[in-house]
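If you want the building blocks of each chain, they are given just below.
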Amino acid sequence: MSKKNMIFLIAILAIGLLIRVFHLGFEGLWLDEAYTARLVQSSTEGIIKGAAADVYPPFFYLFLHSWTLVFGESEFSLRFPSVIFSLLTILVAWKMGEKNQEVSVGFIAAIMLTFSPFSIRYAQEARAYSLLAFTIVSSYLFILNFIQSPSKVNFLGFVLTSSIALWSHSIAVIFVGLQAAWVLLESLLSRKKAPFYLRLGAAYISVGLVYMPWLKIFLTQAKNVGSGEFWLGKPGFLQALEFIYYDAGSIVGFFILIFFLTLAVKSSQTLYMRGLWTLGILTPLIVWGISQFVPVLTMRNLLPALPAAILIAANALKRMHYKPLQLALSLVFIVGCANTLLSYYSNPQRDQWREAAKVLQANMKPGDGISYDVEYGRVGMDWYLKGAGITEDPKRVWKVFYHVDEDRIRSGIKDTSKVFQLYGITIVAPD
């Protein structure tokens, strides 16, 4: 890489860092983040058991557990690893563009990803999504390199990143499984020789062996998700297009990205471009199809497909012959993202449990009660009230009522001087 390109790449990453740390700890933890924060306080055994009881593997929680031992448990600290993984994803996307023999495509994709509201939103969340995106995209980079050059570095890089992805999020099973099917088909069509298949098989078998200890638990979790009691429902047809909207970051960007993807269909003849189409377009569609039977589709689970979709669009943009139109579309896309980001930073995005906890600490007295409209509201409040002497001291434990259980409230309120009622993210303190 030339010195000029190196400086340009560092500048892109620096801008990406500034955007992602801006307001990083400004808002309190929302429900899922509070669950993460509570779980990472547990022992290694406790984290594994807690993850097994939920629907996710334990790697991210174990990593964050070690991180918080060094850097503390503030909102900024809990979320900062996601910032790092998001920046690494930008770097890998740039590398994939360069590997496609188009250095400029890598830079265009890196810039688009830097300003992507979808990427930034989950770079500022204490959950595994940014780690998942980084490892899945890296897995594709290593396996694409491996197909062309089955070296030890590519072998180990693929096994490591794929294994971390599988141990970080259950949706990775679909991403890695579809990747394996595509790689096998690609290899068969290109008539690879027998030694290659032995090395390829060894790579995927190694990943399977690393994941094997969690496989039984994953199958149990998958059964629970498909039981009909999971919070996700069957996605409608429009949700198949919603992913592109999230990629684009704005309504205008949505149509521009559709235009880019249409142009890119004609330029998908290289191995790397076919890999990008598999990850960026085909995988989200198959996830949508699977969700008709097992509910796994939520937009954040598709974050790993974002860099690939952006790279496809960047490739189409680069190949446009009319430069003024190329520049105009690029500016409109970035302005659309900037407008979405302005709204994102200006309006509260998360449950305000932190603020509610401050009100409770300032106003609650022994004998007071607290009522939630939903049971999971306790997750955030318990996190922010730890050490406040409210939950730990038996004399100050509030009576917990649930808004939907009116009979229970009526029977318990007789011995309660004041009840604090929490509705979602707001708090009301009636007399």
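Below you will find a few notes about this structure. What you see is a predicted model, and the numbers here were worked out from it, not measured in a lab.

Re the overall build of the protein
Consideration 1: Counting secondary structure elements, the protein contains 19 helices and 4 strands.
Consideration 2: Counting only residues that meet the buried cut, the protein has 51% of its 431 residues in that class.
Consideration 3: Summarising the internal contacts of the protein: among those between residues at least 6 apart in sequence, 77% fall at separations of at least 24.
Consideration 4: Looking at the protein as shown, the accessible area adds up to about 20100 Å², and 66% of this sits on carbon and sulfur atoms.

Quick notes on the packing of aromatic side chains
Consideration 1: Using the criterion set out here, one finds 21 aromatic pairs in the structure.
Consideration 2: Ring centres of F146 and F155 lie 6.3 Å apart, and the angle between their planes is 50°; this geometry places the pair in the tilted category.
Consideration 3: Its relative accessible area of 1% is what places F146 among the buried residues.
Consideration 4: Here the aromatic residues F63, W67, F71, F76, F80, F85 and F134 are joined through ring pairs into a cluster of three or more.
Consideration 5: Above the plane of the ring of F196 lies K192, whose end atom (NZ or CZ) is 5.1 Å from the centre.

Overview of the environment of L232
Consideration 1: Inspection of the secondary structure assignment puts L232 in the loop between α11 (194-229) and α12 (239-248).
Consideration 2: Of the residues examined, L232 reaches a relative accessible area of 14% and is grouped as buried.
Consideration 3: Taking C-alpha positions, L232 is 5.5 Å from P295, a pair spaced 63 residues apart along the chain.
Consideration 4: Apart from residues no more than four positions distant in its own chain, L232 is found in contact with P295, V296, L297 and T298.

Concerning the side chain of S138
Consideration 1: Topologically, S138 is positioned in helix α8 (residues 129-148).
Consideration 2: Note on S138: relative accessible area 3%, which makes it buried.
Consideration 3: If we ignore the near neighbours within four places in the chain, the residues touching S138 are V92 and T161.

Observations regarding a nonpolar patch on the surface
Consideration 1: Side chains of I205, L209, M212, L215 and L219 sit close together on the surface and give an oily, nonpolar patch of about 490 Å² of accessible area.
Consideration 2: The topology assignment puts L219 in helix α11.

With respect to the nonpolar core
Consideration 1: One finds Y61, M96, I136 and M381 to be the most contacted residues of the largest nonpolar core, which totals 111 residues.
Consideration 2: Element by element, the count of residues in this core is highest for α8, at 13 residues.
Consideration 3: Ignoring sequence-local partners within four residues, the contact set of I136 consists of A165, A172, F175, V176, L279 and P304.

So, the packing of α8 against helix α14 (residues 271-290)
Consideration 1: One can describe the packing of α8 onto α14 by two numbers: an axis separation of 10 Å at closest approach and a directional angle of 150°. Put simply, α8 runs roughly antiparallel to α14. You can see that α8 and α14 cross each other, and the crossing is right-handed. Judged by residue contacts, I136, V137, Y140, L144, N145, I147 and Q148 of α8 engage L271, Y272, G275, T278, L279 and T283 from α14.
Consideration 2: For the contact of α8 with α14, the class distribution of residues is 8 nonpolar, 5 polar and no charged.

Some thoughts on unusual backbone geometry
Excluding glycine, a negative phi dihedral is what most residues carry, and trans is how most peptide bonds are arranged.
Consideration 1: Positive phi values are uncommon outside glycine, yet H23 reaches one of about 60°.
Consideration 2: Looking at where H23 falls in the secondary structure, it is placed in the loop between α1 (3-21) and α2 (31-39).
Consideration 3: On the basis of relative accessibility, which here comes to 32%, the residue H23 falls in the partly exposed class.
Consideration 4: Within the chain, R191 stands out as a residue other than glycine whose phi angle is a positive 55°.
Consideration 5: Residue placement: R191 occurs in the loop between α10 (172-189) and α11.

Observations regarding the environment of E125
Consideration 1: Topologically, E125 is positioned in the loop between α7 (117-123) and α8.
Consideration 2: Residue classification places E125 among the buried residues on the basis of a relative accessible area of 1%.
Consideration 3: Each C-alpha atom of the pair E125 and P81 lies 9.1 Å from the other, and the pair is 44 residues apart in sequence.
Consideration 4: Once residues within four sequence positions are removed from consideration, E125 is found in contact with W30, E33, R79, S82 and R350.
Consideration 5: Only 3.4 Å separates the side chain of E125 from the side chain of W30, close enough to count as a polar contact.

Remarks on the pattern of salt bridges
Consideration 1: As enumerated under the stated definition, the model contains 11 salt bridges in all.
Consideration 2: Taking the shortest distance from any N to any O, the salt bridge between R350 and E27 comes out at 3.5 Å. Here R350 is found in the loop between α16 (323-346) and α17 (353-363), whereas its partner E27 is found in the loop between α1 and α2, with 323 residues between them in sequence.
Consideration 3: A relative accessible area of 13% places E27 in the buried class.
Consideration 4: Between R300 and D32 there is a salt bridge, with the nearest N and O atoms lying 3.8 Å from each other. In this pair, R300 sits in the loop between α14 and α15 (306-318) while D32 sits in helix α2, placing the two residues 268 residues apart along the sequence. We note that R300, like D32, is buried.
Consideration 5: When salt bridges that share partners are traced, they join E27, E33, R79 and R350 into one network.

What counts and what doesn't
- Residues numbered from 1 in each chain as written.
- Predicted model: local features only at pLDDT ≥ 70, side-chain atom pairs only at ≥ 80, totals over all residues.
- Heavy atoms only, no water.
- Helix = DSSP H or I, 4+ residues; strand = E, 2+ residues; numbered from the N terminus.
- Buried < 20%, exposed > 50% of the residue type's maximum accessible area, 1.4 Å probe, protein only.
- Contact = heavy atoms within 4.5 Å.
- Areas by Shrake-Rupley, 256 points an atom, 1.4 Å probe, with all protein chains shown as cover.
- Phe/Tyr/Trp six-rings, centres within 6.5 Å; stacked < 30°, edge-to-face > 60°.
- Lys NZ or Arg CZ within 6 Å of the ring centre and 35° of its normal.
- Patch = residues over 30% accessible without salt bridge, like charges linked within 9 Å, V, L, I, M, F, W, Y side chains within 5 Å.
- Salt bridge = Lys/Arg side-chain N within 4 Å of Asp/Glu carboxyl O.
- Core = buried A, V, L, I, M, F, W, Y, C linked by side-chain atoms within 4.5 Å.
- Axes fitted to C-alpha atoms, helices over the stretch in contact; angles between N-to-C directions.
- Parallel < 35°, antiparallel > 145°, perpendicular 65-115°, else oblique.
- Left-handed = near helix turned anticlockwise from the far one by under 90°.
- Nonpolar A, V, L, I, M, F, W, Y, C, P; charged D, E, K, R; others polar.
- Polar contact = N/O pair within 3.5 Å; in protein donor to acceptor, adjacent residues only side chain to side chain.

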